[in-house]
Structure formats: structure tokens, C-alpha cells
Amino acid sequence: MILHVDMDAFFASVEQRDNPGLKGKPVIVSGHSKRSVVSTASYEARKFGIHSAMPVFQAKQLCPHIIILPGNREKYVADSRRIMDILSRFSPLMEPVSIDEAYLDVHGCETLFGSPEEIGLKIKGTIFQELALSCSIGIAPVRFLAKIASDMNKPDGMTLIRQKDMENVIRDLPIHRVPGVGAQAMKQMASLQIETLWDVRHFDPDLLNRKFGKMGSRLSRLCRGIDDTPIEPRSIRKSISSETTLADDISDPAGVKKILLAHAHRVGRDLRKKNWICRHVSIKIKFSDFSQITRGRKTKTWISSSNAIFDEAGALFDKVNIQKKIRLLGVGVSNFKHKSEPVQMNLIPDDGEKIHKQWESVDAAVDSVLLKFGSDLVQKAVLTHKSGGGKNG
Ligand code: TTP
Ligand code: MG
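For clarity, every value in this text was computed on a predicted model and none was experimentally measured.

Glancing now at unusual backbone geometry. Cis geometry is adopted by the peptide bond preceding P155, which originates at K154 and carries an omega value of -10°. In this fold, P155 is placed in the loop between helix 7 (143-150) and strand 8 (158-160). Positive phi outside glycine occurs at A53, with the angle close to 75°. Here A53 lies in the loop between helix 2 (43-46) and helix 3 (56-62).

Moving on, we come to the coordination of the magnesium ion (ligand 2). Bound to the magnesium ion (ligand 2) on the protein side are D6 (OD), M7 (O) and D100 (OD), at distances that span 2.0 to 2.2 Å. One way to put it: the six donor atoms around the magnesium ion (ligand 2) meet at angles of 83 to 178°, and that makes the site octahedral. Each donor residue of the magnesium ion (ligand 2) belongs to the same chain, with the gaps between them written as D-M-x92-D. Placement of the pair is D6 in strand 1 (residues 2-7) and D100 in the loop between strand 5 (93-98) and strand 6 (101-105), with a sequence separation of 94 residues. Considered together, D6 and D100 belong to a single accessibility category, that of buried residues.

Within the element layout of this structure, E95 appears in strand 5. Given the relative accessible area of 14%, E95 is considered buried. Contacts of E95, omitting those with residues within four sequence positions, involve A102, Y103, R143, P230, I231 and E232.

All right, on to the site of ligand 1 then. Near ligand 1 there are 14 residues, and of these A9, T40, Y43, R46 and D100 occur at the shortest range. Backbone polar atom of M7 to an oxygen atom of ligand 1: 3.1 Å apart, as the coordinates give it. Between ligand 1 and the protein, one listed contact pairs an oxygen atom with a backbone N or O atom of A9 at 2.8 Å. Here ligand 1, which alone exposes 560 Å², has 68% of that area covered by the protein. Where the shell around ligand 1 is concerned, the elements lending two or more residues are strand 1, helix 1 (10-18), strand 3 (38-41) and helix 2. Tallied by class, residues from the shell around ligand 1 come to six nonpolar, three polar and five charged.

Positionally, K257 belongs in helix 12 (residues 253-273). A distance of 3.0 Å separates a polar atom in the side chain of K257 from a polar atom in the side chain of D318.

Attention now moves to helix 6 (residues 116-131). Between the first and last C-alpha of helix 6 there are 22 Å, a value that for 16 residues agrees with the 22 Å anticipated at 1.5 Å per step. Inspection of helix 6 places P116, I119, G120, I123, K124, T126, I127 and L131 among the buried residues, and these make up the whole buried set. Angular distribution of buried residues about the axis of helix 6 spans 165°; they occupy a single face of the element. Residues of helix 6 that are exposed and point over 90 degrees away from its buried face: L121, F128 and Q129. At the exit of helix 6 stands A132, carrying a positive phi of roughly 50°.

Here the focus is the environment of R272. Counting through the fold element by element, R272 comes out in helix 12. Put simply, R272 and V369 are 97 residues apart on the chain and 14 Å apart in space, counted from C-alpha to C-alpha. The contact partners of R272, leaving out residues within four places of it in the chain, are H265, S304, S305, S306, D363 and D367. In terms of polar contacts, R272 uses its side chain to reach the side chain of S306, at 3.2 Å.

Across a regular strand the side chains alternate sides, sitting on one face of the sheet and then on the other. Most of strand 7 (residues 135-140) sits inside the fold, with six of its six residues counted as buried. In terms of strand pairing, strand 1 meets strand 7 through six bridges, oriented antiparallel. Its bridge partner lying in strand 7, V5 is registered against I137. Here three bridges tie strand 7 to strand 8, and the two strands are oriented parallel to one another. In the strand pairing of strand 8, I137 is matched with M158. Regarding topology, helix 7 serves as the crossover connection from strand 7 to the parallel strand 8, and that connection is left-handed.

The next subject is the nonpolar core. Side chains of nonpolar character tend, in soluble globular proteins, to be buried together. In this structure, L145, I175, V178, L197, V200 and L219 are the most contacted members of the largest nonpolar core, which totals 31 residues. When residues of this core are traced back to their parent elements, those giving at least two are helix 7, helix 8 (166-172), helix 9 (183-191), helix 10 (205-212) and helix 11 (214-222). Apart from the residues within four sequence positions on either side, V178 is in contact with L173, L197, L219 and L222. Core analysis: the next-biggest nonpolar cluster, separate from the first, contains 30 residues, V5, F90, F113 and L133 among them.

This brings us to the confidence of the model for the chain. Scored by pLDDT, the chain has a mean of 90; 92% of the residues are at 70 or more. Low confidence marks residues 386-393, where pLDDT is under 50. Its contacts with residues over four positions away, or in another chain, come to 17 contacts.

Our focus in this paragraph is the sheet that holds strand 3. Strand order in the open sheet made by the three strands is 3-2-4, with mixed pairing throughout. The open sheet is flanked by strand 3 and strand 4 (67-69), the only strands paired with a single partner. In this sheet, adjacent strand axes meet at a mean angle of 30° when their direction is disregarded. When strand 2 (residues 27-30) meets strand 3, the two strands line up antiparallel, connected through three bridges. When the bridges of strand 3 are listed, V29 appears paired with T40.

Scoring rules and cut-offs
- Counting starts from 1 at the beginning of each chain's written sequence and moves along it residue by residue.
- Chain A is the first chain written and ligand 1 is the first ligand written, with later ones labelled in order.
- It should be noted that, the model being predicted, local features are given only for residues of pLDDT at least 70 and side-chain atom pairs only at 80 or more, the latter also being counted only at that level, while totals for whole chains, interfaces and linings use all residues.
- With hydrogens and water stripped out, all remaining heavy atoms of the structure feed into the side-chain values.
- Helix numbers and strand numbers start at the N terminus; a helix is a DSSP run of H or I with at least 4 residues, a strand a run of E with at least 2.
- Coordination partners: N, O, S within 2.8 Å of the metal, 3.2 Å for Na, K and Ca; water not considered, so apparent gaps in a site are possible.
- Angle rules define the geometry names used: all angles between 85 and 135 degrees makes four donors tetrahedral, while opposite donors over 155 degrees apart and all other angles between 65 and 115 make four donors square planar and six octahedral, leaving every other case irregular.
- For the exposure calls, accessible area comes from a 1.4 Å probe over protein chains only, and a residue counts as buried if that area is under 20% of its type's maximum, exposed if over 50%, partly exposed in between.
- Contacts are residue-level and defined by heavy atoms, with any inter-residue pair within 4.5 Å sufficient.
- Whether a residue is near a molecule or strand depends on its heavy atoms: if one lies within 4 Å, it is near.
- Nitrogen and oxygen atoms within 3.5 Å of one another constitute a polar contact, given that in protein one can donate a hydrogen and the other can accept it, and given that sequence-neighbouring residues count only through two side-chain atoms.
- Areas reported as accessible are Shrake-Rupley estimates using a 1.4 Å probe. Residue values count occlusion only from the protein chains shown.
- Three classes are used, and their members are as follows: Ala, Val, Leu, Ile, Met, Phe, Trp, Tyr, Cys and Pro are nonpolar, Asp, Glu, Lys and Arg are charged, and the others, Gly among them, are polar.
- Multiplying 1.5 Å by the helix residue count minus one yields the expected span of that helix.
- Starting at the helix axis, one direction is taken to each C-beta atom, and the arc is that of these directions.
- Strands were regarded as paired on the criterion that DSSP finds at least two bridges between them.
- Crossover handedness is defined here as right-handed if the route from the first strand over the helix to the second strand goes clockwise, with the strands pointing away from the viewer.
- Only buried Ala, Val, Leu, Ile, Met, Phe, Trp, Tyr and Cys residues count toward a nonpolar core, and they belong to the same one when joined by side-chain atoms within 4.5 Å.
- You can read pLDDT as the predictor saying how much it trusts each residue, on a scale of 0 to 100.
- In this analysis an axis means a line fitted to C-alpha atoms, helices contributing only their contacting stretch, and an angle means the value between N-to-C directions, from 0 to 180 degrees.

Next up, the structure:
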């Protein structure tokens, strides 16, 4: 199943969230000049007939008390990044298509997050919890119908088109609602008496191809419910790391290990928040004379627990011949995979792997506490003492 997620009145909703005085009011975000057009209209403004791309003067005529905001693109881009980040937690196949919409292919994600509808509800819940914004979601067996579905119950809606309902939807779907069919194409369609997508079925695919080119061939597939456009994920981040310059240069291994543990913890948390697992760990050491080294290695298995990351970082450190004091320490992970993607398991896990598996559930519990109550409430016992070192406190 494919999910299409589209934020509701995106720019206007961000403004209403950040300025409670605007809640429930007709608001538009638009440019300043006389010739400006509406880029977003709040749902309250839409009741007056105001919509995107309408000239602002016309919006004022329809609703004289309309609130006009200049907008803040940087803020919307920052929120958009956070939204895409949330979506990528649910599937490795996530394709952002504009500032406020994205497709997700959720095949294979069921064991981790439940049915497509459950995934949709979780996405809505997470976006609301983390950004206080609502979105609408369409779920369908193919991409173009997922997009159509997300628009069916706006705002704050979720619509599922099942395989068995596809024909009915196609039968009723006005041709101009099909993504990619513009005004020019519509005129030609009208001359052929094509009103709904279903009507396209009456035409020979070769004829459609000759008349409309690529779009004609696409329509003759879409009208039969076939859409093989894949969801193409945006390339994922290449690495996650955490490093600090120390207040005082140090050289004792126990002190170094404590700092590596703290970094492993931070990196692990970021990794798990994205629902990723990794296959490579590295450390970075800068010495008091500002010379710098990095060491890294591929891990035996896919890992995500802070302890597994720390074990690798500690082992890398043990191999370094330390001759000077250290002024900066860092830990990084790379070579990612989404948790829902299949991994080759070792048939006979060794003790280390078994212990890491157990630590993963401890991490999950700690992560959820930290998410709720802030970042310093729970930490490794060894990090709460000034001296000492030990392993995996
Ligand atoms: P849309 O998703 O098309 O619209 P929307 O999010 O405002 O409302 P809806 O609930 O119907 O999805 O566009 C997303 C944002 O992109 C929108 O908030 C503002 C921006 N945008 C423009 O800047 N210019 C435009 O012409 C359109 C259509 C959108
Ligand atoms: Mg939108």
C-alpha cells in the first residue's frame, strides 16, 4: 500500500499555531505587492470562497476582514524538514514531493508498525504531537489513487481506497483531478467526450499515445488501475555523530571511555529515533597539539543499541596508541538501514549479540522516558559519577 501525506493549509496552519490569536480566523499567507496572489488560505478563509492562486484584492472583496500575513518561508522549510523526518521513521521508501506532501511505500512495514491504516493514524498522531499541525492521508494500492484519496477528506482526514473499490473510484473520477492533466489536455479530452478517468478505457492506447504522447499512455494505464511509478526515496543522511571539545585535556583511558559512552548514547538515540540500524562505527580524536585521527570499522551485525555502539567505539579507542593528551572526542555511526528492511541474521548469535539485543529493549524504555521528560532524566550510572570508569554502567 502507498500512503500520501499532505499537510492541511500548511503555511496558514503554521501561523495559526504560532499565534493563537489567529486560531479559528480567516487567514491568508501572501506576498505584499498589489498583484500578489494567495499562497495559502486557512480553512476558515476557504468558507468565503478564497483559495490558493487567487489575487489578494479578490480575497479582500470576498472577506473584508481577512487577515493577511506575509509568511516566513524559513519557518515553513524547517517544519517541513521535521515532518519529512517523522515520515521517514515509518518507511525507508519515503519520497517528499513538495514542501508539505510526501509518498510512503509501506510494504513490509506492517510487522513494525501495523496495518497501513494504523501507520496512517500513528503518522497523524506523531505529527500532531511533535508539531501541533494536522495533515490528511490517502491510502491506496497505487500511487496516483493515494494522492486522490488524501484530498477526499480534508482537513485532518484519512481515506482508504481498497483494491476492490478502485474501479468505482476510477469510474467517478473527473479527468481534471488526475495528477498531471492540465488545462490544455482537458480541452482536448472534452473534445473526445472524456469526462472521467473511466471514459479513457473506451480509447485505444495507441491512439491515446499518438494524441497525447506520454500522458496518453499513462492515462490508458491509470484508467485500468495500473500505476507503476515507484516511490523514490530521498537519499538518507550519510552519518550521525556527536563530539565535544573537552573542558580540560585528558589522557586517562577510563575518563575517555566515559565520554565515549555519553557520545555513543547520544548517537544511538538519534539513530533509534529515525528507526534506523547501522553497520559502521567510528571515533574521532583531536590531540592537544590539534593533530587529529579517526578510526572506524564495520560492525559484525546491524546494531542500534547505545551499548553496542559504545563497545565498538571503546574497542577502536583501545587500539590507538595514545601519546598526547586529548582535547576533543567524538563518536559517529554510518551505513544505515531502516529497521523494517530485512537483515541477514547470524544463525548462531554470540553472547555479545545476545546482550546487545537485551540492551535494545532497555534503550527503547529509556528513549521513551527521555522523549517524555527531557534529556537528562535517565542516564548511564557511570556517567553520573565524577570518577570511575567501568564498562556499560
Ligand atoms: P497545498 O498542499 O497545495 O495547499 P495547502 O497545504 O495550503 O492546503 P491543503 O489543505 O488543501 O493541502 O500547498 C502547500 C503549501 O505550498 C501551501 O500552504 C503554500 C504553498 N503554495 C504556494 O506557495 N503557492 C501555491 O500556488 C500553492 C498551491 C501552494
Ligand atoms: Mg497541503
